[in-house]
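Observations on the model geometry
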Amino acid sequence: MSYDVREAVGQDDRDACFAVRREVFVVEQGVPRELEYDAYDETAVHLLAVRADGVPLGTGRLLLGADAVDKTGADASVGSLGRLAVAGAARGLGVGAALVRGIEEAARERGLTAVDLHAQTHALGFYERLGYVAYGPEFPDAGMPHRAMRRAL
């Protein structure tokens, strides 16, 4: 399957990002809608994986600066990767890894030195294969166990 990963531009792209997140987090995982969407969505860099025919396959976002410091140990040179979601029909095709690499590139372009994320514990292996290292204790987020992870760029 052919697809592109790009920064979301305009309302249609943002709507596509939010539709994938709704499918994965709200519908599949039962995350309350009011927890899934937050004020950071306004300032984040959103990435979108989209099939050649325009069907959205996945999304993720990058928080920068003041928006990221609570998630990165107050280090403004570190971005925060979050809300990584791949539509069920697109799993196993490399979309998630392509989105992570796209977010890392967006972070590099903005002068960041590392990317942090809060991984659901069942996804630790996925991120470890991409070079992320877990640190700190397990913690709950939206009722699911998570671990903090970081990758230097």
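Above: the structure in question.
Here the residue numbering is sequential within each chain, running from 1 through the sequence in written order. A pLDDT threshold of at least 70 governs which residues receive local features in this predicted model, and a stricter bar of 80 or more applies before side-chain atom pairs are shown or counted, although totals over entire chains, interfaces and linings include all residues. By convention in this description, side-chain values take in all heavy atoms of the structure and omit both hydrogens and water.

In this text, helices come from DSSP runs of H or I with a minimum length of four residues, and strands from runs of E with a minimum of two, each type numbered from the N-terminal end. Here Glu 104 shows up in helix 3 (residues 95-109). Between buried and exposed lies partly exposed: a residue is buried under 20% and exposed over 50% of the maximum accessible area for its type, with that area taken using a 1.4 Å probe on protein chains only. Accessibility expressed as a relative area gives 1% for Glu 104, which makes it buried. Ignoring anything within four residues of it in the chain, the contact list for Glu 104 reads Tyr 132, Arg 151 and Leu 153. For this analysis, residues touch if any pair of their heavy atoms sits within 4.5 Å.

Below, the discussion takes up the pairing of strand 6 (residues 133-141). What makes two strands pair is DSSP finding at least two bridges between them. As paired strands, strand 6 and strand 7 (residues 144-152) are joined by six bridges and run antiparallel to one another. Looking at the pairing, Val 133 lines up with Arg 150 of strand 7. Where strand 6 folds back on strand 7, the antiparallel hairpin that results is connected by two residues, among which Ala 142 adopts a positive phi of roughly 50 degrees.

A few words now on the pairing of strand 5 (residues 114-120). In terms of residue burial, strand 5 counts as a mostly covered element, since six of its seven residues are buried. Note: strand 4 (residues 78-86) against strand 5, four bridges, orientation parallel. For Leu 81, the partnering residue across the bridge sits in strand 5 and is Leu 117. Following the chain from strand 4 across helix 3 to the adjacent parallel strand 5, one finds a crossover that is right-handed. Alignment of strand 5 against strand 7, held across seven bridges, turns out to be antiparallel. Across the sheet, Ala 119 pairs through a bridge with Arg 147, a residue of strand 7. Think of it like this: strands point away, you trace from the first strand over the helix to the second, and a clockwise trace means the crossover is right-handed.

What is shown is where atoms sit, not what they do.
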